[in-house]
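Fold and contact review
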Amino acid sequence: MSLDEELVRTLLKEQHPDLADLELKEVDGGWGNQMWRLGEDLALRIPRNDPTSVPLLNEHRWLPEIAARVPLPVPTPVRLGEPSDRFPKSWLVTTWVSGEPADRTPISSPQAADSLAAFLLALHTEAPADAPRTPGRGDGLRGHTEGFEKWADEFAVEDGVREVWADGVAAPEYTGTPVWLHSDLHPANVVVADGTLAGVVDFGDLSHGDPATDLSAAWLLLPDGSVDRFFEAYPVDDATYRRARAWAAARALSLIAIGTAGVKGLRGGKPTWLPAGHAAMQRILSGGL
């Protein structure tokens, strides 16, 4: 099914007619959902590759509460679109978060370390018993070793990367209270203004578990030389640091894999992710063990 402007306007006219005449502009990017900017202050998130509406329904249920306590703008749901004969899944109208995606305009200001730390400290509160759990997010590293090794072999990574992964796997596992997690903090899921972090988007993998999952963002998002500043603002024990760095290595490999697919013109590939992945990998390696 083609998610073209005609279909999107029809969905709005049928379910939210007061919004149907606002300017509509497709937003480049995204994988699980197709995004449209709606007027000046709103956006639409419509499932494209996600097989179900569950991620968007999780956002609709939980993001207003999270948005109220975090210090950066996030796409807060304001309307829910119901499945219909025209489109079989739920969809969202959210607030628009201004800024350029960091895979296209990398963060350059060291001050972003403080902003990212403040955001994650506010997000990482105890998750309730009915919080969503996304498979493979917020859990232990050991179950991901096969996938890491596959990509490490395919992209011939330096031995230091494998050492970072092995060190993280060897670190004590998280036994603390499961906390709220964004779970997918990489450059395409944050926006930048004036060189610094201006917002966090795409909470489709909202989950709970080990905070190290999100702390990997220090290497993935921040400019060179800013990781130590981040961990001064968000202090952690040695084991958490080691797990976070291992997650960063795995996620940098993922960026490289998806970026390489984009350069080759393959479906689902994102060419802008390739330089972001290489930059993150160099930050990880420059820190040593």
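Residues numbered from 1 in each chain as written. Predicted model: local features only at pLDDT ≥ 70, side-chain atom pairs only at ≥ 80, totals over all residues. Heavy atoms only, no water.

Notes on the packing of aromatic side chains
Convention followed: Two rings from Phe, Tyr or Trp (for Trp, the six-membered ring) form a pair when their centres sit within 6.5 Å of each other. Planes less than 30 degrees apart are called stacked, planes more than 60 degrees apart edge-to-face, and all others tilted. Each helix corresponds to a stretch of at least 4 residues labelled H or I by DSSP, and each strand to a stretch of at least 2 residues labelled E; elements are numbered beginning at the N terminus. Burial here depends on accessible area, computed with a 1.4 Å probe over protein chains only, as a share of the maximum for the residue type. Under 20% is buried, over 50% is exposed, and the range in between is partly exposed.
Under the definition given, this model contains eight aromatic pairs. Residues Trp219 and Tyr241 carry aromatic rings whose centres are separated by 5.4 Å and whose planes lie at 65° to one another, so their mutual orientation is edge-to-face. Highlighted residues: Trp219 in helix α7 (residues 217–221) and Tyr241 in helix α9 (residues 238–263), separated in sequence by 22 residues. Trp219 gets classed as buried once you look at its relative accessible area, which sits at 2%. With a relative accessible area of 24%, Tyr241 lands in the partly exposed category.

Some details on the pairing of strand β8 (residues 190–193)
Just so we agree on the cut-off: Strands qualify as paired when DSSP identifies two bridges or more between them.
Pairing of strand β6 (residues 100–101) with β8, which is carried by two bridges, proceeds in the antiparallel orientation. Of the residues in β8, the one forming a bridge with Glu100 is Val192. Pairing geometry for β8 and strand β9 (residues 196–200), over four bridges, is antiparallel. From the neighbouring strand, Ala193 faces β9, where its bridge partner is Thr196. The antiparallel hairpin formed by β8 and β9 contains two residues in its connecting segment, where Asp194 sits at a positive phi of about 55°.

Here's the deal with the side chain of Ser183
Applied cut-off: Contacts described as polar in this section are N or O atom pairs within 3.5 Å, which, within protein, must combine one atom able to donate a hydrogen with one able to accept it, while residues neighboring in sequence count only if both atoms come from side chains.
Relative to the helices and strands, Ser183 resides in the loop between β7 (179–181) and β8. Residue class for Ser183 comes out buried when judged on its relative accessible area of 0%. Within the structure, Ser183 has its side chain in polar contact with the backbone oxygen of Asp205 (distance 3.2 Å).

Overview of the sheet that holds β8
To summarise the sheet geometry, strands pair through backbone hydrogen bonds and adopt either a parallel or an antiparallel arrangement. One open sheet holds the three strands; their spatial order is β6-β8-β9, and the pairing between them is antiparallel. Both edges of this open sheet fall to β6 and β9, since each of them pairs with a single strand only.

Structural notes on the packing of helix α4 (residues 145–154) against α9
When two helices pack together, their arrangement is given by the angle between their axes and by how far apart the axes lie. Short version of the rule: Fitted lines through C-alpha atoms give the axes, limited to the stretch in contact for helices. The angle between two N-to-C directions lies from 0 to 180 degrees. The scheme is simple: roughly parallel for angles under 35 degrees, roughly antiparallel for over 145, roughly perpendicular for 65 to 115, oblique for anything else. Each crossing gets its handedness from the near helix: less than a right angle anticlockwise from the far helix is left-handed, clockwise is right-handed. In what follows, residue pairs with any heavy atoms lying within 4.5 Å of each other are defined as contacts. Amino acids are sorted into nonpolar (Ala, Val, Leu, Ile, Met, Phe, Trp, Tyr, Cys and Pro), charged (Asp, Glu, Lys and Arg) and polar (every other residue, Gly among them).
Across the interface, α4 lies against α9 with an axial gap of 10 Å and an inter-helix angle of 50°. Considering their axes alone, α4 and α9 lie oblique with respect to each other. The handedness of the crossing between α4 and α9 is left-handed. Contact with α4, carried on its side by Phe148, Trp151 and Ala152, involves Ala249, Ala250, Leu253, Ser254 and Ala257 of α9 and no other residues of that element. Among the residues forming the contact of α4 with α9, the class breakdown is seven nonpolar, one polar and no charged.

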